[in-house]
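# Analysis of the macromolecular model
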Amino acid sequence: MVLHLTFNKIRIKSKSLPIHWSYIEEKSTVALLSDEFIIIYMGWIINNKNKIVADDLGMTPGTNLAIKELADIGQLTHVSIFSTGDYFKDGINMLSENNIKKGLHFNLTYGKSANGPHELTDKHGIFKYGFIGILLKSFKPSVRKIIEKELNAQLNILKSKINYISHIDGHRHVHMIPTISNLVKRVSKEFNIKEIRV
C-alpha cells in the first residue's frame, strides 16, 4: 500500500515519511494520517508559502517520535503542541535542538485541563465534551471565562518551555468556534502570537 498526500501541488509518498506500523496501545502513523491528520496536517498558506504542520506533540510517545522524525528530515514547518499532554515534556525535549516553529494546540476536548476540575471537565479535571458539547457550552458567559482562563494557562505552560510561540490552532478545531475564536484572537495578541491556523 502506498500512501500519497497531496497539497498545493506537493506530493509526498509514504516511503519518504517515517511510517511506524506498530506502537504499543496506539494507532499506526498511517491510521493517524488517514483518520484525523494527527501526525501531519497539510496546513495553511500564508504569503504563498506552504505551512506543513504536525499536530498533537505531547499526546503520546508514538506521536512525539513520528513528529521528531518528520522534523529531522525537513518535512515539517511547524508543530502544534498539547501543553497539557501526558508526554508534553518528552516531546519538547525531543525537539529542543530543532528550529521548527512551535505553537499551541489549544485543547478543550481531550485529557486533562490545565486548571483542574471545572464545568468542562469531570471531577478529576479530565475534559468531558467533544466539539459539539464545547460549541453549545461556549454560549454561556461563565464557560467563556473558563475557556479564556484555560487558554491562558495552556499558553503559559508552553511559554515556560519555549522562547517563542509561533501560532495557535485547536484540537478538534475548537479554536474555530465563533465564541471561542474571538477569545483566541484577543489572547493571541496579548502573547504576541502572529498566526492562528484556520
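Okay, so let's go over this structure. What you see is a predicted model, and the numbers here were worked out from it, not measured in a lab.

## Description of the overall build of the chain
Of the regular secondary structure elements, the chain holds six helices and eight strands. If you list the helices and strands of the chain from N to C, you get β-β-α-β-β-α-β-α-β-α-α-β-α-β. Taking all 198 residues of the chain together, 52% fall into the buried category. Of the contacts made within the chain by residues no fewer than 6 positions apart, 62% connect residues no fewer than 24 positions apart. For the chain, the computed accessible surface area is about 10,200 Å², with 53% contributed by carbon and sulfur atoms.

## So, the packing of aromatic side chains
Per the stated rule, a full pass over the model turns up one aromatic pair. Relative to tyrosine 110, the ring of phenylalanine 82 lies with its centre 5.7 Å away and its plane at 55°, an arrangement referred to as tilted. Of this pair, phenylalanine 82 sits in the loop between strand S5 (78–81) and helix H3 (88–94) while tyrosine 110 is found in the loop between strand S6 (101–106) and helix H4 (131–137), placing the two residues 28 residues apart along the sequence. Residue classification places tyrosine 110 among the partly exposed residues on the basis of a relative accessible area of 38%.

## Remarks on the pattern of salt bridges
Counted under the stated rule, the structure contains seven salt bridges. Between aspartate 72 and lysine 68 there is a salt bridge; the shortest N-O distance is 2.5 Å. Here aspartate 72 and its partner lysine 68 are both found in helix H2 (residues 61–72), four residues apart, which amounts to about one turn of the helix. Aspartate 72 sits in the partly exposed class, given a relative accessible area of 46%. For the salt bridge of lysine 112 with aspartate 86, the shortest nitrogen-to-oxygen distance reads 3.6 Å. Separated by 26 residues along the polypeptide, lysine 112 in the loop between S6 and H4 and aspartate 86 in the loop between S5 and H3 bring together distant segments of the chain. In this structure lysine 112 comes out as partly exposed when scored by relative accessible area, which is 38%. Through salt bridges that share partners, Asp55, Asp169 and Arg197 make up one connected network.

## Structural notes on the nonpolar core
Ranked by size, the top nonpolar core spans 36 residues in total, and within it Phe106, Leu108 and Leu155 carry the most contacts. Those elements that place two or more of their residues in this core are strand S4 (49–57), H2, S5, H3, S6, helix H5 (141–159) and helix H6 (178–190). Among the elements that make up this core, the one with the highest residue count is H5 (six residues). Excluding anything up to four places from it in sequence, leucine 155 contacts Leu104, Ile165, Ile168, Val187, Phe191 and Ile193.

## A few points about a nonpolar patch on the surface
A cluster of nonpolar side chains, contributed by Phe131, Ile132, Leu136 and Phe139, occupies part of the molecular surface with about 430 Å² of accessible area. Tracing the sequence through the fold places isoleucine 132 in helix H4.

## Observations concerning the side chain of serine 138
One can find serine 138 in the loop between H4 and H5. Serine 138 gets classed as buried once you look at its relative accessible area, which sits at 0%. Here the side chain of serine 138 touches threonine 179 through a polar contact of 2.6 Å, side chain to side chain. Among residues more than four places away in sequence, those in contact with serine 138 are Val143, Arg144, Ile147, Ile177, Thr179 and Ile180.

## As for the environment of threonine 179
Relative to the assigned elements, threonine 179 resides in helix H6. Sequence separation between threonine 179 and arginine 144 is 35 residues; the distance between their C-alpha atoms is 7.7 Å.

Definitions and cut-offs
- Residues numbered from 1 in each chain as written.
- Predicted model: local features only at pLDDT ≥ 70, side-chain atom pairs only at ≥ 80, totals over all residues.
- Heavy atoms only, no water.
- Helix = DSSP H or I, 4+ residues; strand = E, 2+ residues; numbered from the N terminus.
- Buried < 20%, exposed > 50% of the residue type's maximum accessible area, 1.4 Å probe, protein only.
- Contact = heavy atoms within 4.5 Å.
- Areas by Shrake-Rupley, 256 points an atom, 1.4 Å probe, with all protein chains shown as cover.
- Phe/Tyr/Trp six-rings, centres within 6.5 Å; stacked < 30°, edge-to-face > 60°.
- Salt bridge = Lys/Arg side-chain N within 4 Å of Asp/Glu carboxyl O.
- Core = buried A, V, L, I, M, F, W, Y, C linked by side-chain atoms within 4.5 Å.
- Patch = residues over 30% accessible without salt bridge, like charges linked within 9 Å, V, L, I, M, F, W, Y side chains within 5 Å.
- Polar contact = N/O pair within 3.5 Å; in protein donor to acceptor, adjacent residues only side chain to side chain.

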